[in-house]
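Survey of secondary and tertiary structure
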Protein chains: 2
Amino acid sequence: MTGIQDRLRRAVDAGFARQVAFLSDLVRFPSVRGQEAPLQDWIARQLADRGYSVDRYTLADVDMFNLPGFSPVMDTDYTRAVQVVGAKRATPPTGRSLILQGHVDVVPTGPVELWTHKPFDPVQRGDWLYGRGAGDMKQGVASMIFALDAIAAAGLEPAADIYVQTVTEEECTGNGALSTLARGYRADAVLIPEPTDGTITRAHVGVMWFRLRVRGVPVHVAQAQAGSNAIMSAFHLIQALQRHTASLNAAARSDPWFGGIPDPIKFNPGVIRGGDWASSTPAWCEVDCRIGLLPGVTLESAREGVERCVAEASRAEGFLANNPPDLIWNGFQADGYVLEPGSEAERVLAEAHRCVFGAAMEERRSTAVNDTRFYGLYHRMPALCYGPRGENHHGFDERAHLPTLRQTTLAIACFIAEWCGVRDA
Amino acid sequence: MTGIQDRLRRAVDAGFARQVAFLSDLVRFPSVRGQEAPLQDWIARQLADRGYSVDRYTLADVDMFNLPGFSPVMDTDYTRAVQVVGAKRATPPTGRSLILQGHVDVVPTGPVELWTHKPFDPVQRGDWLYGRGAGDMKQGVASMIFALDAIAAAGLEPAADIYVQTVTEEECTGNGALSTLARGYRADAVLIPEPTDGTITRAHVGVMWFRLRVRGVPVHVAQAQAGSNAIMSAFHLIQALQRHTASLNAAARSDPWFGGIPDPIKFNPGVIRGGDWASSTPAWCEVDCRIGLLPGVTLESAREGVERCVAEASRAEGFLANNPPDLIWNGFQADGYVLEPGSEAERVLAEAHRCVFGAAMEERRSTAVNDTRFYGLYHRMPALCYGPRGENHHGFDERAHLPTLRQTTLAIACFIAEWCGVRDA
């Protein structure tokens with residue numbers, strides 16, 4: 001493998017300026033939820049230019065509503081949710097097939113004035129490239145495409161079928177990843193280059209989203225004592241859910257995977273809207289929330305826990321007792337996942353990592369979800385979450401670390417070469 | 001006066017079906033803030049048809065920014081804020097002049113599905129007419145116009161100058177009322193027929209609006225402990241303001257006007273917005289608030305109290321201590337007002353009320369603001385807030401009580417006849 005590794009290293013190095021330019025192009029697309037289609041069109045063209053057979057479709061084209069892992073959706077239009085799968089089929093295939101998958105959706109920027117640079121106008125400063133999505137995970141998308149480019153540039157081709165998948169909805173449902181399985185794509189292993197800083201994700205928690213919808217009795221504030229303030233009722237429920245989360249974290253101390261991590265269950269009231277007028281007691285308030293669950297805990301039982309918490313808190317408040325809030329499961333209904341140790345795919349990846357980084361591949365346990373669960377949990381494909389280094393994901397001044405990106409790209413190229421096998425093109 | 005009163009009673013009764021139809025027409029205009037202009041145009045035509053000399057202008061036409069009582073504004077376009085003043089000038093004027101003023105702006109409906117009938121599609125059920133603004137205060141606008149119609153229908157005309165003013169911005173700044181003074185309108189008395197259920201408003205509190213703008217540090221919720229949740233910081237400040245309000249109410253127990261009213265100072269967090277994504281800790285949260293102040297308390301000292309409260313609460317929280325919130329005084333900066341007992345105008349109104357209702361006119365103390373302060377406090381005109389009966393102002397299923405509206409219209413007609421004097425037309 002040493003000779004091939006040297007050829008790949010030279011190819012990755014030779015292509016790296018183009019790769020950074022490619023990543024910058026990716027960041028320029030403001031691919032927040034519902035607006036990923038132009039970027040996906042562009043990627044489809046990029047893959048076609050490279051000789052991939054491209055399957056471009058939308059989530060509205062796919063029947064997946066009854067599949068395990070499907071998450072309910074609101075407030076979006078799946079006829080515009082474009083997915084892209086580029087296939088390179090080996091003739092004949094002799095090695096082990098591989099899916100390389102990355103998501104192109106990014107989370108909202110928040111107040112743009114709090115960014116040092118404009119979030120969709122990528123800027124390089126030293127070793128870092130800044131921009132929304134630069135870290136999570138457009139650099140991963142660049143790494144998988146340029147790892148394959150490097151194999152080709154080295155005069156080689158994989159000896160097994162390769163699928164390059166760019167999906168959407170990773171940040172809110174995972175339905176993009178699910179759609180590729182619904183459409184039939186399978187392989188002997190899956191690699192998702194999320195920004196793990198060169199670690200393998202041993203386990204990740206599950207995640208559920210829900211919306212609390214609280215009513216109030218609006219009155220003129222002069223008679224405020226006769227009304228009920230929906231904003232304060234929502235706050236009452238948020239506090240109850242914080243206590244519920246604390247009890248879940250107390251129980252998590254004995255979890256085999258997350259017992260060593262302080263408070264692995266995160267509860268986040270992430271979006272709030274309520275009321276119409278400063279001088280009227282607000283008649284409504286909605287809070288979009290996120291809560292985690294440990295691997296092995298069923299979504300059903302986790303939902304029951306939240307529902308019980310909200311019901312008990314409502315009974316303890318005069319107005320809510322008679323006007324219980326709506327609890328809407330909207331978005332992520334995502335199981336946790338453990339990559340069982342000992343797979344051949346992981347062994348091959350660890351070896352590629354060691355060759356490139358000169359150190360063992362460490363593992364991490366993630367308190368956030370990723371798309372590997374669909375492949376690993378529901379289809380028994382070893383699903384490896386391993387990728388470059390980024391910072392400030394979901395925050396201001398998100399950035400990708402370019403030296404690590406180069407090394408990770410090489411590690412992925414070496415992994416492909418060993419897993420799929422390569423032959424002279 | 002008995003003969004005139006009988007003539008006016010017959011005229012009010014004869015016109016009452018038209019008056020209810022007129023009120024229904026008023027309610028059909030969805031004259032929420034910024035959208036009052038079509039209704040004002042319609043009223044201007046109605047007044048012109050009745051022989052008034054009409055002055056129609058917008059708030060952008062008036063220089064009033066340095067006048068006492070002016071409230072700062074955001075999020076609105078004063079070139080569309082139409083005001084209407086209809087004048088009937090007596091030749092020669094021999095009696096006492098009068099301003100009749102009502103506001104046509106209404107507060108937002110809240111969730112329309114929680115109304116029994118559509119809020120801008122008025123429905124009469126028994127003694128009640130339902131609709132947003134039916135009570136507050138389109139019935140008052142109808143009462144002042146139809147009181148004057150009744151005087152004309154009785155073959156009479158006022159012996160003094162009469163100004164019929166329909167203004168906007170009563171629910172958020174009062175700048176509509178202020179503009180009529182800036183434009184020069186003055187009279188020997190002012191009557192504002194807010195829905196007081198036949199009581200005279202002896203005193204009203206002041207009101208201030210402000211916006212709290214809180215920042216947070218957005219991070220992926222997986223690292224929630226590294227970020228700061230702007231929604232929870234906003235709640236921290238709301239709780240501090242609740243405690244501040246409680247201490248103001250404790251001090252209010254010795255107030256000469258409001259000492260007998262439990263908790264006359266109302267604090268209301270009325271509108272909240274924050275965050276962009278359920279799985280990101282929210283980077284921003286804004287709360288639009290309303291707080292009252294007692295008559296005689298200066299706006300400056302009341303603002304200082306709020307500012308001190310917010311500053312102290314911020315210092316007590318790790319993130320806010322280094323990232324203090326913005327506090328923006330936006331909307332009402334309204335003084336409280338006391339109608340000093342003993343004015344001749346009030347005596348005349350009380351007598352008209354007694355003649356119509358057969359009982360003494362009672363007084364009320366209001367924990368909400370109204371437009372009388374501009375006339376009474378800054379221009380020493382006796383400003384009477386007296387009008388019909390309504391329910392659910394600012395709430396769902398707002399309604400006007402039609403039998404009281406009829407009586408109040410007659411009482412106002414009798415008041416005009418006595419205050420201004422009448423002669424055969």
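Being a predicted model, the structure only gives us computed values, none of them experimental. Positions within a chain are numbered from 1, following the residues in the order the chain's sequence is written. For naming, the first written chain is A and the first written ligand is 1, with later ones following in the order written. Only residues with pLDDT of 70 or above have their local features reported here, since the model is predicted, and side-chain atom pairs are shown and tallied only from 80 upward, although totals for entire chains, interfaces and linings are computed over all residues. Computation of side-chain values: all heavy atoms of the structure, hydrogens and water removed.

**Overview of the side chain of B:S24**
Residues and elements named next belong to chain B. Only DSSP runs of H or I reaching four residues or more are called helices, and only runs of E reaching two or more are called strands; each is numbered from the N terminus. In this structure, S24 sits in helix 1 (residues 2–28). Overall, S24 belongs to the buried group, its relative accessible area being 10%. Here, two residues are considered to be in contact whenever any of their heavy atoms come within 4.5 Å of each other. Beyond its immediate sequence surroundings of up to four residues, S24 is in contact with P122 and L129. Note on classification: 1.4 Å probe, protein chains only; a residue is buried when its accessible area is under 20% of the maximum for its type, exposed when over 50%, partly exposed between these limits.

**Quick look at the interface of chain A and chain B**
Facing the 56 residues of chain A at the interface are 56 residues of chain B. Accessible area that two parts lose when put together, with a 1.4 Å probe and added across both, is what the buried area reports. At the boundary of chain A with chain B, total buried surface from both sides reaches about 4,500 Å², with 66% on carbon and sulfur atoms. The term salt bridge refers to a pairing of a side-chain nitrogen on Lys or Arg with a carboxyl oxygen on Asp or Glu at a separation within 4 Å. Across the contact surface, chain A and chain B share 2 salt bridges. In this structure, B:R215 and A:E113 form a salt bridge, with 3.0 Å as the shortest nitrogen-oxygen distance. Under this definition, polar contacts are N or O atom pairs within 3.5 Å; protein pairs additionally need one hydrogen-donor-capable and one acceptor-capable atom, and for neighbouring residues in sequence, both atoms have to be side-chain atoms. Counting across the chain A and chain B interface gives 20 residue pairs in polar contact (both at pLDDT 80 or more). For the side of chain A that touches chain B, the secondary structure elements donating two or more residues are strand 10 (206–215), helix 5 (230–251), strand 11 (267–274) and strand 12 (284–293) of chain A. No other element matches strand 11 of chain A, which puts 7 residues into the side of chain A that touches chain B. Looking at the side of chain A that touches chain B residue by residue, the classes come out as 28 nonpolar, 18 polar and 10 charged. Across 3 bridges, strand 11 of chain A lies against strand 11 (residues 267–274) of chain B in antiparallel orientation. Each bridged residue has a counterpart across the sheet, and for A:G274 the counterpart in strand 11 of chain B is B:I272. Under this grouping Gly is polar, as are all residues other than the nonpolar Ala, Val, Leu, Ile, Met, Phe, Trp, Tyr, Cys and Pro and the charged Asp, Glu, Lys and Arg. Pairing between strands is defined by DSSP: at least two bridges between them are needed.

**Things to note about the packing of aromatic side chains**
Geometry of aromatic contacts follows a simple scheme: Phe, Tyr and Trp rings, the Trp one being its six-membered ring, pair when their centres are within 6.5 Å, and the pair is stacked under 30 degrees between planes, edge-to-face over 60, tilted otherwise. Evaluation of the coordinates by the stated rule reveals 23 aromatic pairs over all chains. When the ring of A:F22 is compared with that of A:W42, the centres are 5.4 Å apart and the planes differ by 40 degrees; the resulting orientation is tilted. Of this pair, A:F22 sits in helix 1 (residues 2–28) while A:W42 sits in helix 2 (residues 37–49), placing them 20 residues apart in sequence. Of the two residues, A:F22 and A:W42, both sit in the buried class. Summarising the aromatic geometry, the rings of A:F415 and A:W419 are spaced 6.2 Å apart at their centres and angled 20 degrees between planes, so their arrangement reads as stacked. Highlighted residues: A:F415 and A:W419, both in helix 10 (residues 402–420), separated by 4 residues, approximately one helical turn. In this scheme, the term charge over a ring applies when either NZ of a lysine or CZ of an arginine sits within 6 Å of the ring centre and within 35 degrees of the ring normal. One Lys or Arg, A:R399, reaches over the ring of A:W128 and ends 3.6 Å from the middle of that ring. When the ring centre of B:W419 is taken as origin, the NZ or CZ atom of B:R96, which lies over that ring, is 4.1 Å away.

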